[in-house]
Amino acid sequence: MDSMINAVIWKGDCHLCHSMRNLSSSLNKLIFSILLAGHKICPPDWVRKNKRPRYYSLWYVTKGRGEVVINGKKHKLQPGRLVIFTPQMVCDKKSYRTNPLEFYYVRFSYAMAFEDKDVWQFKHSQDVPFPLKGVYTISNHSAVTVLLEQLSSLAKRQGTTVNMQKRIVFGELLLTFVEDFNSQMLSGDSKKAIEGTIEYMINHYKNTITLSELSQIAGLSTSHYSRLFKKYIGLSPIDYLTHLRIDRAKELLVLSDVKIKEVSQTVGYGDELYFSRTFKRIIGVSPSQYCEDHKQISGELSNHQDKR
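Residues numbered from 1 in each chain as written. Predicted model: local features only at pLDDT ≥ 70, side-chain atom pairs only at ≥ 80, totals over all residues. Heavy atoms only, no water.

1. With respect to the packing of helix H5 (residues 211-218) against helix H6 (residues 222-233)
In step 1: One way to put it is that H5 packs onto H6 with a least axis distance of 9 Å and a crossing angle of 85 degrees. Taken together, the axes of H5 and H6 lie roughly perpendicular to each other. Residues Leu211, Ser212, Leu214, Ser215 and Ala218 of H5 form the contact with H6, whose participating residues are Thr222, Tyr225 and Ser226.
In step 2: Looking at side-chain class alone, the contact of H5 with H6 contains 4 nonpolar, 4 polar and no charged residues. (Axes fitted to C-alpha atoms, helices over the stretch in contact; angles between N-to-C directions. Helix = DSSP H or I, 4+ residues; strand = E, 2+ residues; numbered from the N terminus. Parallel < 35°, antiparallel > 145°, perpendicular 65-115°, else oblique. Contact = heavy atoms within 4.5 Å. Nonpolar A, V, L, I, M, F, W, Y, C, P; charged D, E, K, R; others polar.)

2. Thoughts on the side chain of Ser95
In step 1: In this fold, Ser95 is placed in strand E9 (residues 91-95).
In step 2: In terms of polar contacts, Ser95 uses its side chain to reach the backbone amide nitrogen of Leu101, at 2.8 Å.
In step 3: Among residues more than four places away in sequence, those in contact with Ser95 are Cys42, Pro43, Asp45, Trp46, Arg65, Gly66, Pro100 and Leu101. (Polar contact = N/O pair within 3.5 Å; in protein donor to acceptor, adjacent residues only side chain to side chain.)

3. Topic: the pattern of salt bridges
In step 1: Scanning the entire structure with this criterion turns up 4 salt bridges.
In step 2: Between Asp247 and Lys250 there is a salt bridge; the shortest N-O distance is 4.0 Å. Separated by 3 residues within a single helix, Asp247 and Lys250 lie in helix H7 (residues 237-255), roughly one turn from each other.
In step 3: When the shortest N-O distance is used, the salt bridge between Arg248 and Glu251 registers 2.9 Å. (Salt bridge = Lys/Arg side-chain N within 4 Å of Asp/Glu carboxyl O.)

4. Considerations on the side chain of Glu102
In step 1: Summarising the element assignment, Glu102 is placed in strand E10 (residues 102-116).
In step 2: In this structure Glu102 is buried but unpaired, with Lys63 as the nearest side chain of opposite charge at 4.5 Å.
In step 3: Not counting residues up to four positions away in its chain, the partners in contact with Glu102 are His39, Lys40, Ile41, Tyr60, Val61, Thr62 and Lys63. (Buried < 20%, exposed > 50% of the residue type's maximum accessible area, 1.4 Å probe, protein only. Lys, Arg positive; Asp, Glu negative; His and termini not counted.)

5. Some points on the packing of aromatic side chains
In step 1: Scanning the entire structure with this criterion turns up 21 aromatic pairs.
In step 2: Ring plane angle 70 degrees and centroid distance 4.9 Å describe the contact between Tyr56 and Tyr110, whose orientation is recorded as edge-to-face. Of this pair, Tyr56 sits in strand E5 (residues 56-63) while Tyr110 sits in strand E10, and the two are 54 residues apart along the sequence. Like Tyr56, the residue Tyr110 is buried in the burial classification. (Phe/Tyr/Trp six-rings, centres within 6.5 Å; stacked < 30°, edge-to-face > 60°.)

6. What about the pairing of strand E6 (residues 66-70)?
In step 1: In terms of burial, E6 is largely enclosed, as 5 of its 5 residues are buried.
In step 2: By the bridge criterion, 5 bridges tie E6 to strand E7 (residues 73-77) in an arrangement that is antiparallel. Across the sheet, residue Val69 finds its bridge partner in E7, namely Lys74.
In step 3: A loop of 2 residues connects E6 with E7, the two strands running antiparallel in sequence, and Asn71 in this loop sits at a positive phi of about 50 degrees.
In step 4: The pairing of E6 with E9 spans 5 bridges and is classified as antiparallel. (Pairing = 2+ DSSP bridges.)

7. Brief notes about the nonpolar core
In step 1: Core analysis: the biggest nonpolar cluster contains 35 residues, and Leu58, Phe130, Phe170 and Phe177 have the highest contact counts within it.
In step 2: Going through the elements one at a time, helix H1 (20-28), strand E3 (30-41), E5, strand E8 (81-85), E10, helix H2 (141-154) and helix H3 (160-185) are the ones with two or more residues in this core.
In step 3: Element by element, the count of residues in this core is highest for H3, at 8 residues.
In step 4: If near-sequence neighbours (up to four positions away) are discounted, Phe130 is found in contact with Leu27, Leu30, Phe32, Tyr56, Ile84, Phe108 and Tyr110.
In step 5: Ranked by size, the runner-up nonpolar core spans 28 residues in total, among them Tyr240, Val267, Phe279 and Cys291. (Core = buried A, V, L, I, M, F, W, Y, C linked by side-chain atoms within 4.5 Å.)

8. Re the environment of Leu151
In step 1: As for its position among the elements, Leu151 is in helix H2.
In step 2: Sequence separation of Leu151 and Leu173 is 22 residues, and the distance between their C-alpha atoms is 9.4 Å.
In step 3: If near-sequence neighbours (up to four positions away) are discounted, Leu151 is found in contact with Ala37, Val106, Lys166, Val169 and Phe170.

9. Looking at the sheet that holds strand E4 (residues 47-51)
In step 1: Reading across the sheet, the 4 strands line up as E4-E9-E6-E7 and stay open at both edges, with antiparallel pairing between neighbours. With one partner strand each, in any of the chains shown, E4 and E7 form the two edges of the open sheet. Neighbour to neighbour, the strand axes of the sheet diverge by 10 degrees on average, direction disregarded.

Here is the structure:
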């Protein structure tokens, strides 16, 4: 994790002690294997005492009431509560007699694998703490339930294609959690204002766009807009615009024969030298080197297909 939190959400027993930037960045670097998924209806007075989980897993409560004690701290369970269990925990679990718990569960394993400036990084789960643990409150109940029902159905089937589907659905589930936490951090009006400026950047990235202009579109002061944008997206507005432009430049460099100077102007940079420096800072190589590397890969793939 890059740093500790710059925002805390409190909802009932839920502490979200990671900034959204750190959370989404950390999850994006992980690959998953789904070991087990399903739905459980607890009998009255169902109890599990002093258990240490063997695997990483999550529960999402859909009905009933109960409680979980994690490392000595008690949390009440009710619909909308998400529990992330890790092997480092000691847990007591309990369902109430009069209104027994019902929940979806997913057991999973993970490893870190991501590419950074054309270099792949790998680590085992024991070397990379999972970025979520404990009890959280989820607002988007219907979206989470639909995804967990899909995952539960897929878990009853076998095959490589099914395994790929399970990973995709689990990824959508984690994304839904991140988006839900983001929404909890912002009021509805603030969220709409920020999403409006994102849409403006996507449609006008070729033009000169200033922070002052974006804050005016959002109807917020420059400092307040910048703070909310970074809290919601994980990047400053100008950094987001820069990444948007560089992503478009990557497409143009690989998929067309446009010269670097023209690419620079097309994505909003009048100064080719500044564009090249910015591109190298973000991607790790110059635009000309990036173009050469990826067209060489494309040519090798084409030759391989011709020989088949």
